[in-house]
Amino acid sequence: MNECNIGTVIDLRTDVEIDEKPDVEMNGVKYIHVPILDESTVGISHEEATDKKAALNSIPDLNELYRNIITSPYSVGQIKKCLR
């Protein structure tokens, strides 16, 4: 049941992120997948690190990541899709 009156969900996550934590399907809600980031260009790694130092090194620079969202042609195109 759609108790929150949600009509559409626009999922901005990558395919890997969706595979790791899929959404619960809600009856009557339209689902649109528009990944905002291209995993191959932003350097996101979902491999499990064997130690804390490796885990810290795998975290992307968030300033660069957010800058990429508003400047990369791929991400800008995806944002346009969402707004349409």
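Here we summarise the structure given alongside this text. Only a predicted model underlies this, so the values are computations on that prediction, with no experimental measurement involved.

### What to know about the overall build of the protein chain
Link 1 in the chain: Looking only at helices and strands, the protein chain features 5 helices and 2 strands.
Link 2 in the chain: Beginning at the N terminus, the succession of helices and strands in the protein chain can be written as β-α-β-α-α-α-α.
Link 3 in the chain: Within the protein chain, the proportion of its 84 residues that are buried is 18%.
Link 4 in the chain: For the protein chain, contacts bridging at least 24 residues in sequence account for 40% of all contacts bridging at least 6.
Link 5 in the chain: Just so you have it, the protein chain exposes about 6800 Å², and 54% of that area is on carbon and sulfur atoms.

### Describing the layout of surface pockets
Link 1 in the chain: Here the largest pocket is characterised by a volume of approximately 200 Å³.
Link 2 in the chain: Every residue along the wall of the largest pocket is listed here: Val9, Ile18, Pro22, Asp23, Val24, Glu25, Met26, Val29 and Tyr31.
Link 3 in the chain: Residue composition of the lining of the largest pocket, grouped by class: 7 nonpolar, no polar and 2 charged.

### A word on the pairing of strand S1 (residues 8-11)
Link 1 in the chain: As defined by bridge partners, S1 adjoins strand S2 (residues 30-33) across 4 bridges and the pair is classed as parallel. Paired with aspartate 11 across the strands is histidine 33, a residue of S2.
Link 2 in the chain: Between S1 and its parallel partner S2, the chain crosses via helix H1 (residues 15-20), and the hand of that crossover is right-handed.

### Quick look at the pattern of salt bridges
Link 1 in the chain: Taken as a whole, this structure holds 2 salt bridges when the rule is applied.
Link 2 in the chain: For aspartate 23, the salt bridge is made with arginine 13, and the minimal N-O distance between the two is 3.2 Å. Residue aspartate 23 is located in the loop between H1 and S2, and its partner arginine 13 is located in the loop between S1 and H1; the two are separated by 10 residues in the primary sequence.
Link 3 in the chain: On the basis of relative accessible area, aspartate 23 is assigned to the partly exposed category, the value being 40%.
Link 4 in the chain: Members of the salt-bridge network, linked through shared partners, are Asp11, Arg13 and Asp23.

Conventions used here
Residues numbered from 1 in each chain as written. Predicted model: local features only at pLDDT ≥ 70, side-chain atom pairs only at ≥ 80, totals over all residues. Heavy atoms only, no water. Helix = DSSP H or I, 4+ residues; strand = E, 2+ residues; numbered from the N terminus. Buried < 20%, exposed > 50% of the residue type's maximum accessible area, 1.4 Å probe, protein only. Contact = heavy atoms within 4.5 Å. Areas by Shrake-Rupley, 256 points an atom, 1.4 Å probe, with all protein chains shown as cover. 1 Å grid on protein atoms, 1.4 Å probe; cavity = no way out; pocket = protein on both sides within 12 Å on 5 of 7 lines; lining within 4 Å. Points joined across faces, edges and corners; volume = space filled by probe spheres on them. Nonpolar A, V, L, I, M, F, W, Y, C, P; charged D, E, K, R; others polar. Pairing = 2+ DSSP bridges. Right-handed = clockwise from strand over helix to strand, strands pointing away. Salt bridge = Lys/Arg side-chain N within 4 Å of Asp/Glu carboxyl O.

Function cannot be read off these values alone, since they describe shape.
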